[in-house]
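# Chain and residue survey
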Amino acid sequence: YGHGASLYVRPLLFASGKMLGLAPLADEYTWFVTVMPAGGYFSKGAEVGVKAYVSEENDRAAPKGLGAVKAAGNYAADIAPVHAAHARGFQTTLYLDAKERRFVEEFSVCNFIGITHDGVVITPTSDSILPSCTKGVVLQLAEDLGFKVEQRPVWKRLTH
């Protein structure tokens, strides 16, 4: 896949026993891992930045919902908004908190990490953001390189 490629590793666990209904536990589970080479999510990205549509009319995750858990259903909320963003010339959507729409949460396909004008690396905190090992590595590398790193609510500030 060349420059900008990645190795996509996706573990999956699901209940597969002989039961139809709702229960906190199943008698049987199936677990597997899919591994495949993949191109980058964005045609232009790390070199020039990502052009994102700030979605104020759709939510990626709800307070007290499944946003902080890797679940297949989490992708459904992003399908229409990200296609609408592409149609408007954007590469992805950037979601705000569902409760107040005042704070940045994350992009449709990845975490949000920014650098302030004074060189501080920031990333939002929220109960509905999926914990990311990639984000953890990036933040640790930033600290190791001498950057100040802050994990905190990130206010939405739009410029036109």
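Residues numbered from 1 in each chain as written. Predicted model: local features only at pLDDT ≥ 70, side-chain atom pairs only at ≥ 80, totals over all residues. Heavy atoms only, no water.

Let's shift gears to unusual backbone geometry. With a phi close to 65°, Lys64 is a non-glycine residue in the positive phi region. Within the secondary structure, Lys64 is located in the loop between β3 (52–55) and α1 (76–87). By relative accessible area, which is 89% here, Lys64 ends up exposed. In this structure, Arg101 is a non-glycine residue whose phi angle is positive, near 55°. Within the secondary structure, Arg101 is located in the loop between β4 (92–96) and β5 (103–107). (Helix = DSSP H or I, 4+ residues; strand = E, 2+ residues; numbered from the N terminus. Buried < 20%, exposed > 50% of the residue type's maximum accessible area, 1.4 Å probe, protein only.)

Along the chain, Arg152 turns up in the loop between β8 (149–151) and β9 (154–155). The spatial distance from the C-alpha of Arg152 to the C-alpha of Val69 is 20 Å, given a sequence separation of 83 residues. Residue contacts for Arg152: discarding those within four places in its chain leaves Thr116, Ile122, Thr123, Pro124 and Thr125. (Contact = heavy atoms within 4.5 Å.)

Note on placement: Asp118 falls in the loop between β6 (114–115) and β7 (121–123). You can call Asp118 exposed: its relative accessible area is 64%. A C-alpha to C-alpha distance of 25 Å links Asp118 and Ile129, two positions eleven residues apart in sequence. In this structure the side chain of Asp118 is engaged in a polar contact, spanning 2.4 Å, whose partner is the side chain of Thr116. (Polar contact = N/O pair within 3.5 Å; in protein donor to acceptor, adjacent residues only side chain to side chain.)

Structurally, Ala80 can be placed in helix α1. In this structure Ala80 comes out as exposed when scored by relative accessible area, which is 56%. As for Ala80 and Gly49, which are separated by 31 residues in sequence, their C-alpha atoms are 23 Å apart.

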